[in-house]
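So you can see what is in the structure, the chains are spelled out below.
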Amino acid sequence: MADARQAPATAGIDPRGPRFGAAVSAVLLAVTVVLGTGPAATALLAVAVVLFAIGAARGPQHSVQGWVFRRWVRPRLAPPTSLEDPAPPRFAQTVGLVVTLMGLALSPLVPGAVPVAAAVALVAAFLNAAFGFCLGCEMYLLLQRLRRA
Amino acid sequence: MDLLSSSAGRLATVALLLAVASLVLLLARRRDGVLRAPGRRERVTAAELGRALGATATLLQVSSPGCATCPQVARVLGAVAREHRGVAHVEIDATRYPDLVRRLGVLRTPSVLLLGPDGDVRARTSGSMDRAAATAALDLAVARG
């Protein structure tokens, strides 16, 4: 770039990491939805909440999936052609956390909240894993634009 | 709903939901890299950019921090510019040129504006752009003269 910022101010991350993480989340959330309501589904949703919380707090590269990616997946891949800013995918983890946490919090009153919350998070995780479309990232960038306006 | 009370029903609903979401995304992405004529006469000067324009054309790329596809588009446009005489690739950070970006109505990054030798906006695209689309855009703009 003219302003000499090929990589962001913090170290850039391999963009395939968050996509791998999204694939793992998608599988977990899909199983949660299929289980419907009940203790098993609620337990799986709680696992999703924990995974998103770690990703939101530490960034996608230091989430559980990020660790798996670095240790077992990335060594088998060619180096990335470019790095990406970890801030938008980290915000996406926060969005996932909010959605699944709401499902978990509402579940004693509304059992259907578990599969619904899992389904909402699943759509985002699936689109990210399958097409590289990060919904949370787009929200983050939109918020940045609005804040500047 | 009966459909949602069985796991098979839930599985089918999830599959349908994901299929619909995929379709919506793919339809939305078809606009990426598609050339659009500018809505009204616009011009970008070398002075505004602080960079020289190309003698024949300029591929002005508007990027932003956190834009995942911008580096890849920059690589493509840089290569295309090098292959064509008098064509410059200029990449700017939208956050550093807020007035210009607002005036040009750029809402997405990456956005690419094809400028003529005087900086008049000949065409624009948004979203990801591959080499074929970039070359086609350039040929079109240069042909229009």
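In case you missed it, the structure is sitting above this.
The structure reproduced in this document is the subject of the present report. A quick note: this is a predicted structure, and the numbers were derived from the prediction, not measured.

## Focus: the overall build of chain B
When helices and strands are counted, chain B shows six helices and four strands. N-terminal to C-terminal, the α/β element order of chain B is α-α-α-β-α-β-α-β-β-α. Taking 15 Å as the expected radius of gyration for a compact globule of 145 residues, we find that chain B reaches 20 Å, considerably beyond that expectation. In terms of its C-alpha atoms, chain B occupies a principal-axis envelope of roughly 65 × 30 × 25 Å. In chain B, which comprises 145 residues, the share counted as buried stands at 45%. Partitioning the contacts of chain B with sequence separation of at least 6, the portion at a separation of at least 24 is 71%. As presented, chain B carries roughly 7500 Å² of accessible surface, and 59% of it is formed by carbon and sulfur atoms. Placing the 20 positive and 12 negative side-chain charges of chain B at their respective mean positions leaves the two points 1 Å apart.

## Considerations on the nonpolar core
Judged by nonpolar contacts, the single largest core of 24 residues is most densely connected at Leu29 and Leu122 of chain A. Counting only elements with at least two residues in this core, the list comes to helix H1 (16–35), helix H2 (39–58) and helix H5 (113–131) of chain A together with helix H2 (7–29) of chain B. At eight residues, H5 of chain A tops the list of elements feeding residues into this core. Sequence-distant contacts of leucine 122 of chain A, that is, excluding residues within four places in its chain, are made with Ala26, Leu29 and Ala30 of chain A together with Val14 and Leu18 of chain B. With 16 residues, the next largest nonpolar core counts Val76, Ala81, Leu114 and Leu138 of chain B among its residues.

Rules used throughout
- Residues numbered from 1 in each chain as written.
- Chains lettered and ligands numbered in written order.
- Predicted model: local features only at pLDDT ≥ 70, side-chain atom pairs only at ≥ 80, totals over all residues.
- Heavy atoms only, no water.
- Helix = DSSP H or I, 4+ residues; strand = E, 2+ residues; numbered from the N terminus.
- Rg over C-alpha atoms; globule rule 2.2 N^0.38 Å.
- Buried < 20%, exposed > 50% of the residue type's maximum accessible area, 1.4 Å probe, protein only.
- Contact = heavy atoms within 4.5 Å.
- Areas by Shrake-Rupley, 256 points an atom, 1.4 Å probe, with all protein chains shown as cover.
- Lys, Arg positive; Asp, Glu negative; His and termini not counted.
- Charge placed at Lys NZ, Arg CZ, Asp CG, Glu CD.
- Core = buried A, V, L, I, M, F, W, Y, C linked by side-chain atoms within 4.5 Å.

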